[in-house]
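Here are the chains, one letter per residue:
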2 protein chains.
Amino acid sequence: MNGTTESVADDGSLGGFESVEKLLQEYVPADKLAHVQRVLYGWNCGKPVAAVPLSPKLVAAAAAASFDLQAYSFTAAPEQLRPPRIVRVGLVQNSICAPTTAPFVQQRQAIFERCRQMIDAAGAAGVQVLCLQEAWHMPFGFCTREKQWNEFAESAESGPSTRLCQELARKHGMVIISPILERDEAHGGTIWNTAVVIGHTGGVLGKHRKVHIPRVGDFNESTYYMEGNTGHPVFETAFGRIAVNICYGRHHPMNWQAFGLNGAELVLNPSATVGELSEPMWPIEARNAAIANSYYVGAINRVGTETFPNPFTSGDGRPAHTDFGHFYGSSYFAAPDASRTPSLARNKDGLMIADMDLNLCQQLRDKWGFRMTARYELYAEELARYVRPNFQPQVIRDPSL
Amino acid sequence: MNGTTESVADDGSLGGFESVEKLLQEYVPADKLAHVQRVLYGWNCGKPVAAVPLSPKLVAAAAAASFDLQAYSFTAAPEQLRPPRIVRVGLVQNSICAPTTAPFVQQRQAIFERCRQMIDAAGAAGVQVLCLQEAWHMPFGFCTREKQWNEFAESAESGPSTRLCQELARKHGMVIISPILERDEAHGGTIWNTAVVIGHTGGVLGKHRKVHIPRVGDFNESTYYMEGNTGHPVFETAFGRIAVNICYGRHHPMNWQAFGLNGAELVLNPSATVGELSEPMWPIEARNAAIANSYYVGAINRVGTETFPNPFTSGDGRPAHTDFGHFYGSSYFAAPDASRTPSLARNKDGLMIADMDLNLCQQLRDKWGFRMTARYELYAEELARYVRPNFQPQVIRDPSL
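As named in an unreviewed UniProt entry, chain A is Beta-ureidopropionase, taken from Chlorella vulgaris. Quoted verbatim from the Sequence similarities (unreviewed entry) field of UniProt, the annotation for chain A is "Belongs to the carbon-nitrogen hydrolase superfamily. BUP family."

Following this line, the structure appears as structure tokens:
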């Protein structure tokens with residue numbers, strides 16, 4: 001692999017480049033592709049991540065509505081004393097549908113209609129747990145530092161997004177995770193970045209607020225909301241123990257770990273991130289979390305390029321501009337055995353479905369023993385020392401220097 | 001990517017399959033390969049991980065001695081107030097050379113000669129920091145549970161491996177990390193899995209003992225040595241602040257993190273792991289550590305299939321056998337900007353070289369701010385709670401269940 005001088009700058013169009021997996025499938029012969037799939041995607045001998053056939057009607061509907069639809073199944077060993085616990089999980093990535101200059105009520109309505117369409121498709125496909133992307137109900141205006149986008153913030157318990165998701169959860173008997181911009185009226189109208197968890201009978205089970213807030217140039221989201229105060233809850237639903245690691249929290253391994261320590265079998269990672277910034281990290285972090293914590297991960301990224309009315313800078317020397325970059329979609333699932341699904345398209349709305357036997361989590365915990373060998377006591381002590389202002393790093397200096 | 005039913009079981013031969021990167025380069029056209037390299041290898045627009053030309057003499061010598069030799073350079077931005085701190089680092093992966101039935105002194109001598117050859121090549125190439133693989137000086141007999149392999153254990157401070165590395169460190173002005181089986185005479189002859197760090201003038205700077213010990217079926221190394229008691233030291237050498245995360249420690253994110261908190265800019269991960277078990281994890285874990293901790297990682301794996309005199313079982317239902325599987329080599333470097341080098345061969349000894357500007361670590365810390373946003377206090381508290389026997393996980397149960 002020699003470096004190329006050709007620009008691969010990412011404007012989201014990139015003629016025909018929908019996903020890396022489709023490129024590989026197009027060019028690498030089947031016998032060689034098997035090696036690539038095994039090493040890079042964890043499709044082990046005898047345990048491929050298999051494509052799941054969906055009804056032709058559903059496939060046609062997705063094509064007509066122009067959203068990517070893919071379905072796979074992970075494999076676990078049968079056990080003698082437990083039946084399999086197979087859950088069908090869906091991830092939705094959506095673009096914003098209406099321009100950011102449209103009246104806000106129209107923008108929101110357009111997104112609601114688009115997502116309703118994809119959630120109904122998920123329901124028709126038998127999806128039992130569904131997660132939407134971060135701040136799915138609004139444009140990602142945080143790059144502008146303008147506060148008018150806060151108008152989209154709503155009550156986690158009774159806002160319009162929550163009511164829509166409750167209706168769809170009831171209709172399909174589906175757990176829905178709805179990551180929104182929350183306005184917390186009980187605490188002076190404070191804004192939070194919050195995932196609302198709705199049970200399969202339509203009740204709001206609870207909410208979780210984003211633990212880590214980015215300050216990456218113009219991605220300083222603390223302009224809008226601060227670090228969450230909800231700990232690391234795991235929601236015990238009809239379809240397994242589920243947690244939500246919102247967006248930038250995926251860069252923090254202890255955040256992933258904390259959900260694991262509380263018993264998560266599936267952690268959803270609703271995100272919004274652009275190509276230049278993070279695309280090479282995207283295939284790594286969710287998989288590492290799945291491996292290290294012996295649970296499934298569903299990683300969801302926003303899709304599309306969003307143009308805003310007023311120019312803004314990005315703290316990177318470029319002239320002021322009106323878009324933040326291309327949200328590259330590429331949502332996928334990762335399993336605790338280091339396997340993963342292909343990605344949804346980089347440039348299209350999409351619904352990714354996977355069947356997963358939650359028994360695999362315990363099987364992998366037993367096989368690799370990471371929880372048993374983790375030496376939490378050692379790290380509890382080291383962290384307690386580290387957070388003291390007078391912390392002295394453990395350094396051994398070459399005496400010849 | 002459809003699942004394939006063709007077996008891709010890995011016996012190490014796999015006709016012509018030397019590395020995934022070579023497969024991709026062979027089949028994917030250059031303009032498409034650029035996309036694959038960007039997304040899967042972090043070779044960003046304008047910042048490729050470039051191949052570094054080595055002297056034709058060196059290249060010919062490596063070919064004649066039949067070891068893989070590759071060299072790359074990572075890119076960092078120039079700064080105004082610090083000069084670049086470019087270090088040339090080398091990773092050596094070696095097979096055992098002599099059969100495991102040969103007299104131990106011959107086995108060791110054969111490995112010493114082979115590694116001397118590759119370390120001398122590294123010296124000729126100007127390598128300043130070099131790391132060998134886990135237990136490089138002996139066969140990986142731990143799969144047999146026989147204790148005779150302990151004969152290879154030696155003093156970290158003055159054993160034959162250390163003396164060889166000291167000689168070569170002095171000769172080449174090179175820091176050498178030598179991961180060995182240690183016999184600790186000061187504590188009753190206890191066995192440890194230990195990395196000895198030798199400074200560029202040949203002095204033993206110190207040692208670090210493997211923090212996490214696997215118990216994965218027959219990979220129960222606690223038959224031989226227990227959890228290390230040396231904390232997470234960082235060695236301040238003439239060529240940067242270096243730490244060593246030995247083998248199975250790569251599955252433990254807090255282990256990687258602890259070296260980062262103590263100031264590491266480069267963490268070496270000398271390993272010994274086989275295909276069926278871990279190959280799909282291999283491209284993930286070192287890169288995630290480099291990203292999350294804003295430092296470079298050098299991941300080294302043993303190479304070859306080692307056959308032992310007496311049959312042993314592996315706790316996996318197979319009949320007794322005499323080899324543990326194929327150590328798949330594939331050593332590589334990962335950088336904090338999410339880029340990585342290709343891998344060394346899966347089936348050949350090798351020397352991987354990379355030039356890295358250590359300034360990139362601080363640049364990435366400043367860009368992404370992971371240290372600033374990590375909320376260590378929160379996790380120090382959560383871990384302190386977790387290690388108590390009466391820990392109650394934070395679970396929110398659906399009341400309808």
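That shown, we press on.
Q: What is the right way to look at the domain arrangement of chain A in this model?
A: One frequent convention defines the size of an interface as the accessible area lost when the parts assemble. All names here are of chain A. What the domain assignment reports for chain A is domain 1 (20–46) and domain 2 (52–384). If you average the C-alpha positions of domain 1 and of domain 2, the two centres end up 27 Å apart. Counting from both sides, the interface comprises 5 residues of domain 1 and, opposite them, 7 residues of domain 2. Taking both partners together, domain 1 and domain 2 bury about 560 Å²; carbon and sulfur atoms supply 47% of that area. The interface formed by domain 1 and domain 2 includes 1 salt bridge. Across the pair Arg340 and Glu21 runs a salt bridge whose closest N-O atoms are separated by 3.4 Å. Scanning the region where domain 1 abuts domain 2 turns up 5 residue pairs in polar contact (both at pLDDT 80 or more).

Q: Explanation requested: the sheet that holds strand S18 (residues 395–397) of chain B in the structure shown.
A: In any sheet, the strands associate via hydrogen bonds between backbone groups, in a parallel or an antiparallel arrangement. On the basis of which strands lie adjacent, the open sheet formed by 6 strands has the order S16(A)-S13(A)-S12(A)-S11(A)-S10(A)-S18(B) and mixed pairing. Strands at the two margins of the open sheet, each flanked by one partner only, are strand S16 (332–334) of chain A together with S18 of chain B. Between one strand axis and the next, the sheet turns through 25° on average, direction left out of account. Pairing of strand S10 (residues 234–237) of chain A with strand S11 (residues 240–244) of chain A involves 3 bridges; the strand directions are antiparallel. From the neighbouring strand, Thr237(A) faces S11(A), where its bridge partner is Gly240(A). Of the strands in this sheet, S10, S11, strand S12 (266–271) and strand S13 (296–301) of chain A are in contact with helix H6 (residues 253–261) of chain A, which crosses S12(A) at around 145°. Of the strands in this sheet, S12, S13 and S16 of chain A touch helix H8 (residues 282–293) of chain A, which is tilted by about 35° from S16(A).

Q: Just to check I follow, could you spell out the UniProt feature "domain: CN hydrolase" (unreviewed entry) in chain A for this structure?
A: According to UniProt, the positions carrying the feature "domain: CN hydrolase" (unreviewed entry) are residues 87–358 of chain A. End-to-end, the C-alpha atoms of residues 87–358 of chain A are 7 Å apart, and along that stretch the chain is 22% helix and 33% strand.

Q: What's the story with the relation of the copies chain A and chain B in this structure? I'm lost.
A: The relation between the two copies of this chain is a rotation about an axis and a shift parallel to it. At an RMSD of 0.0 Å, chain A and chain B line up after a rotation of 180° and a shift of 0.0 Å along the axis. In the structure described here, the two chain copies are related by an operation that fits a two-fold rotation axis. When the interface residues of chain A are mapped onto chain B, 100% of them are again interface residues, pointing to one common binding face.

So, how was this worked out
- Residues numbered from 1 in each chain as written.
- Chains lettered and ligands numbered in written order.
- Predicted model: local features only at pLDDT ≥ 70, side-chain atom pairs only at ≥ 80, totals over all residues.
- Heavy atoms only, no water.
- UniProt positions renumbered as here; feature names shortened; annotations may be inferred.
- Domains from an automatic or database assignment.
- Contact = heavy atoms within 4.5 Å.
- Buried area = accessible area lost by both parts, 1.4 Å probe.
- Salt bridge = Lys/Arg side-chain N within 4 Å of Asp/Glu carboxyl O.
- Polar contact = N/O pair within 3.5 Å; in protein donor to acceptor, adjacent residues only side chain to side chain.
- Pairing = 2+ DSSP bridges.
- Helix = DSSP H or I, 4+ residues; strand = E, 2+ residues; numbered from the N terminus.
- Axes fitted to C-alpha atoms, helices over the stretch in contact; angles between N-to-C directions.
- Least-squares fit on C-alpha atoms with pLDDT ≥ 70 in both.

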